[in-house]
Amino acid sequence: MTASLERGLNAFREVMDAPIASFFNSCVHCGLCADACLFHTETGDPKYTPIHKLEPLRKLWKREYTLLGKLTSLLGLGATISDEELEEWSPLVYDSCTLCGRCTLMCPVGNDITYMIRKMREGMAASGHAPAGLIDATRRSIELGSPMGIKPKTFMARVHEQQEETGIEIPVDKAGADYMAIMSSMEIMGYPEYLGSLARIFKQAGISWTVSSEAFEATNSGIQIGVSDLAREIVMRIVTVSEKLGVKYVISPECGHAFTALRWDGPNLIGRPYKFEVVHILELLDQLLKDGRLKTEGKTAESLTLHDPCQIVRRGGIVAEPRNLINMVASDFREMEDAGVYNWCCGGGGGVSAITRAEELRFTVFKIKKRQIENTGAGTMITACANCRNVLEEGLEHYNMDTKMIGITELVAEYLKKDEP
Amino acid sequence: MADENSLGAILRAQGVSRRGFLKFCSAMAALMALPPSMVPAIAAALDKALRPSVIWLSFQECTGCTESLTRSHTPTLEALIFDAISLDYHHTLQAASGEAAEAARAEAMKKFYGKYLLVVDGSIPTKDGGVYSTIAGMSNLDMLQEAAKGAAAIMAVGTCAAFGGIPHANPNPTGAVAVSDIIKDKPIINVSGCPPIPVVITGVLAHYLTFGTLPELDDLGRPKVFYGESIHDRCYRRPFYDQGKFAKTFDDEGARNGWCLFELGCKGPTTFNACATTKWNQGTSFPIESGHGCLGCSEPNFWDAGSFYQALSTPITPVGKAAAVAAAAGIVGGAAIAMHNRHVKGAAKSEHQTVTVKDLEK
């Protein structure tokens, strides 16, 4: 109960680095970011223009970091930032930004608006303007170990269940293994078959791997709510365990934000390089495919399309890998319009799916995905992010669409070459 | 059928087929960035156009511009078009000489007063009363002023006429200036280049014949359709620039691989011309394709812009004392502001209280 405006403004001052200052300076007000953002295109409301979502942060930059701003505030003319204003901006900074990075990609002067929103959330959280749903998820992450409240016991139950299902042993806490796999809570709760699929693929490829009974959760609510102190603590759990077990690689699950948090933000948060490498599961599978260690047989005749998760494609650079894998097991793969790095977000990334009050808005902006899916005419949609998958399934249900959903890893595992007796 | 003196009639008399003529019109439409729907309009206008009178004055120049236009290996359609205008005076090309030549000029100026197109190549010397270049005892300066009076428009062909060119280069002993420095009351179109691309000259002529007006010009008075984009933006070596792959000498691995010539002094990024698209010698190539950087010949003061082999990022003259002081002051001022900003940020950092989950609510 200690959040305050002063702490929030202090956080704004703290995040004000050279990139942010130069981004604010170089914005030419062209408005191209508006048409890049699904919250603007689907609602037509100009308040959802990405750069506008940063207004309070920009005000502070202007007042305290520019010569003119300093002079005017000396004269008592500078704009001030109030608690009411931050409260008004909270839905803009949280509910209507999935940190998807499309605006950043479109900005003609190269301003990383996504980076700025992420930084702005530091001040919003510290001043007590983070949405309740996200606060609850973060609390569960810190206190219980997972935003969905999954405890080690639950996870171990899932491991045993998948072991029985597949008849393959899933190594737990095995020191010296090459790979350590982690999962997102959405996978543990909703799509545990991901774990079974891993077991089957890794058995065929002969990979030495393990899961951890302590650090199994990849989702980082600290990143989503915008509190580096908490994000660091969450990343550190994985770092500590994987360095204790001495694994060479940590496999990021399909989940997009988990990948961003672990791969890109993690070392900056803890202030040192990892002693292991982070690979995304799609990168690993594609590598196995190239090395000839991943063998499949048969192809599905079902018409498929792919939803590219923003954090994996746009912010993560993994574009060709999912396509290599899909084409290996599918004969009717149809690309969506704007596929690849220009793809549109599912509408629930960046913590938005945890915000209860944003539900209606999420369905509104889902219309773009709906159009994209319908234009392909495909019967099944594949994605590589458990959170996208969950948001998409909700959207499909809301609009009474009968498109089926599947994750890439499970799809590949389904067509694995049967063991020779 | 149009007038027997019309361009169409003349071209047909010279054995140019209708198809060949339309091909030329399409090429012109494309070059001038007009929509394809304009092709019939161009054809109709050119077909009916009467041979407009052109007076061509050559001043302080090397005849390279005339060479560029006329030296084509086969008589191209461009050359025929050129034949088809009434070139009433051009002292390099005309058969007449002496008084007869000057009389032809005087007659054309009188007969077509207010309608003829004046083409100028070469700069105009102004020092010492313009004595450094005279024709038939008349200084270039006087001749230009006299001929400009009755001109409908003036085409300054070549960098000398457009911007002063090489005669204008430091120390400019003859006080050479561009046409636009002297004539202020006539539309002037600058077709720069040393020399300019032939098709650019004929393109402007075709535009003038078709629409009776001059094409849209850039801030240096050049037709935007040909000078709207830099050599760099249209260069086939541009991808190497974007990848940071540069030839460092003219015979290294990079040069052999055809990498970007920026570091060898290529002026492509600051030069606006159509070389990279229309190319030279009937579309054979352009300088960069032959392995040499662009000299920037269609830009003002290209001769004084430092060595042709010095990369654009290197300063061409020593930084002056005032500039150095200003830069130093700027650095100090900037550093002071940066220090202060750093202080604000640093203070914020030291005031940072670790945010726990308990701190997320008020």
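- Looking at an unreviewed UniProt entry, chain A carries the name Heterodisulfide reductase, with the source organism given as Sulfurimicrobium lacus.

Some words on the interface of chain A and chain B
(1) Moving on: Contacts between the two partners involve 28 residues from chain A, matched on the other side by 19 residues from chain B.
(2) Moving on: For the pair chain A and chain B, the summed buried area comes to about 2,200 Å², and 52% of that belongs to carbon and sulfur atoms.
(3) Moving on: If you look at where chain A meets chain B, you find two salt bridges.
(4) Moving on: With a closest N to O distance of 3.7 Å, Asp 359 of chain B and Arg 7 of chain A form a salt bridge.
(5) Moving on: Counting the contacts that link chain A with chain B gives 14 residue pairs in polar contact (both at pLDDT 80 or more).
(6) Moving on: Elements that contribute at least two residues to the side of chain A that touches chain B include exactly helix 1 (5-15), helix 5 (55-65), helix 6 (67-74), helix 10 (132-144) and helix 15 (228-245) of chain A.
(7) Moving on: Of the residues belonging to the side of chain A that touches chain B, the class tally is 12 nonpolar, six polar and 10 charged.

A word on the packing of aromatic side chains
(1) Moving on: A complete count under the given rule lists 17 aromatic pairs over all chains for this structure.
(2) Moving on: Seen from their ring centres, Phe 23 of chain A and Tyr 115 of chain A are 6.4 Å apart, and the 85° between their planes marks the pair as edge-to-face. Pair noted here: Phe 23 of chain A is in helix 2 (residues 18-26) and Tyr 115 of chain A is in helix 9 (residues 113-126), with a separation of 92 residues, a long-range link.
(3) Moving on: Arranged with centres 6.5 Å apart and planes meeting at 40°, the rings of Phe 240 of chain B and Trp 259 of chain B form a pair that is tilted. Taken together, the residues span a long stretch of sequence, with Phe 240 of chain B in helix 13 (residues 238-242) and Trp 259 of chain B in the loop between helix 14 (253-256) and helix 15 (275-278) at a distance of 19 residues.
(4) Moving on: Taking relative accessible area as the criterion, Phe 240 of chain B reaches 23% and is therefore assigned partly exposed.
(5) Moving on: Residue placement shows Arg 102 of chain A over the ring face of Trp 344 of chain A; its charged tip is 3.6 Å from the ring centre.
(6) Moving on: The ring centre of Tyr 191 of chain A lies 3.9 Å from the NZ or CZ of Arg 389 of chain A, which sits over that ring.

Looking at the environment of Ile 270 of chain A
All names here are of chain A.
(1) Moving on: Tracing the sequence through the fold places Ile 270 in helix 16 (residues 256-270).
(2) Moving on: For the pair formed by Ile 270 and Asp 229, sequence separation is 41 residues and the distance between their alpha carbons is 9.7 Å.
(3) Moving on: Leaving out residues up to four positions away in the same chain, Ile 270 has contacts with Arg 232, Val 235, Met 236 and Val 239.

Structural notes on the environment of Gly 165 of chain B
Residue and element names in this part refer to chain B.
(1) Moving on: Within the secondary structure, Gly 165 sits in the loop between helix 8 (158-163) and strand 8 (176-177).
(2) Moving on: We classify Gly 165 as buried; its relative accessible area is 12%.
(3) Moving on: Here the alpha-carbon distance between Gly 165 and Ser 192, two residues 27 residues apart in the chain, equals 9.2 Å.

Quick notes on the sheet that holds strand 1 (residues 179-181) of chain A
All names here are of chain A.
(1) Moving on: The parallel open sheet is built from four strands, whose spatial order is 2-1-3-4. Since the sheet does not close on itself, it has two edges, and those belong to strand 2 (209-211) and strand 4 (277-280), each with one partner. Averaged over all neighbouring strand pairs, the angle between strand axes comes to 30°, with direction disregarded.
(2) Moving on: Examined bridge by bridge, strand 1 and strand 3 (residues 249-252) share three bridges and lie parallel to one another. Within strand 3, the position partnered with Met 180 by the bridge is Val 250.

Let's talk about the side chain of Ser 90 of chain A
(1) Moving on: Along the chain, the position of Ser 90 of chain A falls in helix 7 (residues 83-95).
(2) Moving on: When near neighbours in sequence (up to four residues on either side) are disregarded, Ser 90 of chain A contacts Asp 95, Met 124, His 129, Pro 131 and Arg 357 of chain A.

Some thoughts on the sheet that holds strand 3 (residues 116-121) of chain B
Residues and elements named next belong to chain B.
(1) Moving on: Strand order in the open sheet formed by five strands is 2-1-3-7-9, and the pairing between neighbours is parallel. Strand pairing shows two members of the sheet lacking a second neighbour, strand 2 (86-90) and strand 9 (188-191), which therefore form its edges. Averaged over neighbouring strand pairs, the angle between their axes works out to 20° when direction is ignored.
(2) Moving on: Two elements, strand 3 and strand 7 (residues 151-157), share six bridges in a ladder whose sense is parallel. Of the residues in strand 7, the one forming a bridge with Leu 118 is Ile 154.

Side note on helix 10 (residues 198-211) of chain B
Residue and element names in this part refer to chain B.
(1) Moving on: Between its terminal C-alpha atoms helix 10 stretches 20 Å, which fits the 20 Å expected from 14 residues at 1.5 Å a residue.
(2) Moving on: Along helix 10, 12 of the 14 residues are buried, which leaves the element largely enclosed by surrounding structure.
(3) Moving on: Among the residues of helix 10, those classed as buried are Val 199, Val 200, Ile 201, Thr 202, Gly 203, Val 204, Leu 205, Ala 206, His 207, Tyr 208, Leu 209 and Thr 210.

What counts as what
Residues numbered from 1 in each chain as written. Chains lettered and ligands numbered in written order. Predicted model: local features only at pLDDT ≥ 70, side-chain atom pairs only at ≥ 80, totals over all residues. Heavy atoms only, no water. Contact = heavy atoms within 4.5 Å. Buried area = accessible area lost by both parts, 1.4 Å probe. Salt bridge = Lys/Arg side-chain N within 4 Å of Asp/Glu carboxyl O. Polar contact = N/O pair within 3.5 Å; in protein donor to acceptor, adjacent residues only side chain to side chain. Helix = DSSP H or I, 4+ residues; strand = E, 2+ residues; numbered from the N terminus. Nonpolar A, V, L, I, M, F, W, Y, C, P; charged D, E, K, R; others polar. Phe/Tyr/Trp six-rings, centres within 6.5 Å; stacked < 30°, edge-to-face > 60°. Buried < 20%, exposed > 50% of the residue type's maximum accessible area, 1.4 Å probe, protein only. Lys NZ or Arg CZ within 6 Å of the ring centre and 35° of its normal. Pairing = 2+ DSSP bridges. Axes fitted to C-alpha atoms, helices over the stretch in contact; angles between N-to-C directions. Expected span 1.5 Å × (residues − 1).

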